[in-house]
Amino acid sequence: METFGRLREYGGGGARGRPTAARGQWPAARTHGGRWVTVAAELLVDVFPPEFPRAAEISELVHAVARSLPLHGSLPWVTVAFDAPEFEGSGFWHFEHDAAGRLHASLYGAPLDVLTPSTEMRCRGAALATDQLGEIPAHDVDRILLDRWIHRNLLQLDDLLRHRVLPARVPRDRVIGFAACWDVWTDGRLKARRKPGLSLAERRRHFFRTFATGGLLLPRHWNTFHQLWEGQYPEHAGLQAALERLPRERPLPRAGAPGMAPGHDDDTGAVG
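All figures in this text were calculated on a predicted structure; none of them were measured in a lab.

Conventions we followed
Residues numbered from 1 in each chain as written. Predicted model: local features only at pLDDT ≥ 70, side-chain atom pairs only at ≥ 80, totals over all residues. Heavy atoms only, no water. Phe/Tyr/Trp six-rings, centres within 6.5 Å; stacked < 30°, edge-to-face > 60°. Lys NZ or Arg CZ within 6 Å of the ring centre and 35° of its normal. Helix = DSSP H or I, 4+ residues; strand = E, 2+ residues; numbered from the N terminus. Salt bridge = Lys/Arg side-chain N within 4 Å of Asp/Glu carboxyl O. Buried < 20%, exposed > 50% of the residue type's maximum accessible area, 1.4 Å probe, protein only. Pairing = 2+ DSSP bridges. Right-handed = clockwise from strand over helix to strand, strands pointing away. Core = buried A, V, L, I, M, F, W, Y, C linked by side-chain atoms within 4.5 Å. pLDDT = per-residue confidence, 0-100. Contact = heavy atoms within 4.5 Å. Arc of directions from axis to C-beta.

One pass over the structure, following the stated rule, counts 10 aromatic pairs. Above the ring of Trp185, the side-chain terminus of Arg189 is found at 3.4 Å from the ring centroid. Looking at Arg204, its charged tip hangs above the ring of Trp222, at a distance of 4.0 Å from the centre.

Take a look at the structure:
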């Protein structure tokens, strides 16, 4: 599973207790080397922690991908936070509004998802504290992995902003399966647009691990996979229809899937 968003308005600090700008306070922009990078009049990109290697490049990449999709124009502020090792292999979108009603979306992810395999830092990555992330050498950040991660998560952010996907309507016991279907549809769209994403074979492996609870998927299940990849089950209703054709996924872990908060209203402030 890659991304689920908690679609509601929050009145306090950011997800997982990380401080955000005070309500009513819009962050002042700085240029490269500072925490805030103004990449366009309509979009502010924040990388956290600010010492994360290649932070300025990551900010520029987020902006470039947002323009190429294009990302829904109602969003003025995005934070990319690499301080959530518990979300390795996934991502978590958190939304909040400031006192003026401006929307802020924060993507929480694991540093391991963008580090070059077989490096010392990758071996240590899960144990690194936030204040140690700046110790990661810049060359350990894999541009291909980063490119894929940003493209996939921003396309799914656009799905949330445009209400193509409505997490609050997904039954809790189908969260992981629904997210797996969404991921197939996402990477299929990226492939069709010639954008970075997981290959068909890579996505098939993730799909198999999610649904082959008995160690086997039938031809009809793989047919559903390929239909998802080709966009034949688009948007929320289509993803739900595809999910109904698939076996039950493995049970949820202790607290449920990352980013999923059943029962909350969809409240990004975006238009459909």
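The structure having been displayed, the exposition proceeds.
What follows is about the environment of Ala241. Here Ala241 is to be found in helix α7 (residues 235–244). Ala241 sits 63 residues away from Phe178 along the chain, and the two C-alpha atoms are 9.9 Å apart.

Before going further, it helps to examine the pattern of salt bridges. Under the definition given, this model contains 14 salt bridges. Ionic pairing is found between Arg143 and Glu57, a salt bridge with its closest N-O pair at 2.8 Å. A residue pair is termed long-range when its members are at least 10 positions apart, and Arg143 in helix α3 (residues 143–161) and Glu57 in helix α1 (residues 55–68) qualify at 86 residues. With a relative accessible area of 37%, Arg143 lands in the partly exposed category. What you see here is one network of salt bridges that share partners, running through Asp158, Asp159, Arg162, Arg164 and Arg189.

Glancing now at the pairing of strand β4 (residues 77–81). In terms of burial, β4 is largely enclosed, as five of its five residues are buried. Burial along β4 is two-sided: the face carrying Trp77, Thr79 and Ala81 and the face carrying Val78 and Val80 are both buried. Taken together, the five bridges between strand β3 (residues 43–48) and β4 define a ladder with parallel strand orientation. Each bridged residue has a counterpart across the sheet, and for Asp46 the counterpart in β4 is Thr79. As a crossover connection, the stretch from β3 through α1 into β4 is left-handed. As paired strands, β4 and strand β6 (residues 103–108) are joined by five bridges and run parallel to one another. Bridge pairing links Thr79 to Ser106 in β6.

Glancing now at the nonpolar core. Ranked by size, the top nonpolar core spans 59 residues in total, and within it Phe52, Phe82, Trp93, Leu154, Leu157 and Phe207 carry the most contacts. Residues Phe48, Ala84, Phe92 and Tyr108 belong to the second largest nonpolar core, which totals six residues.

Attention shifts here to the confidence of the model for the chain. Parts of the prediction with low pLDDT should not have their coordinates interpreted in detail. Mean pLDDT over the chain: 79, with 73% of residues reaching 70 or higher. Confidence drops under pLDDT 50 across residues 1–17; counting only partners more than four residues distant or on other chains, this segment forms 82 contacts.

Take α7 next. An α-helical turn contains 3.6 residues, so a residue and the one three or four places further along point in the same direction. Those residues of α7 not exposed but buried are His236, Gly238, Leu239, Ala242 and Leu243. The arc enclosing the buried residues of α7, seen along the axis, measures out at 165°, which places them on a common side. Pointing more than 90 degrees away from the buried face of α7 are the exposed residues Ala237 and Glu244. If you follow the buried residues of α7, they end up packed against α4 (175–192), α5 (200–211) and α6 (219–229).

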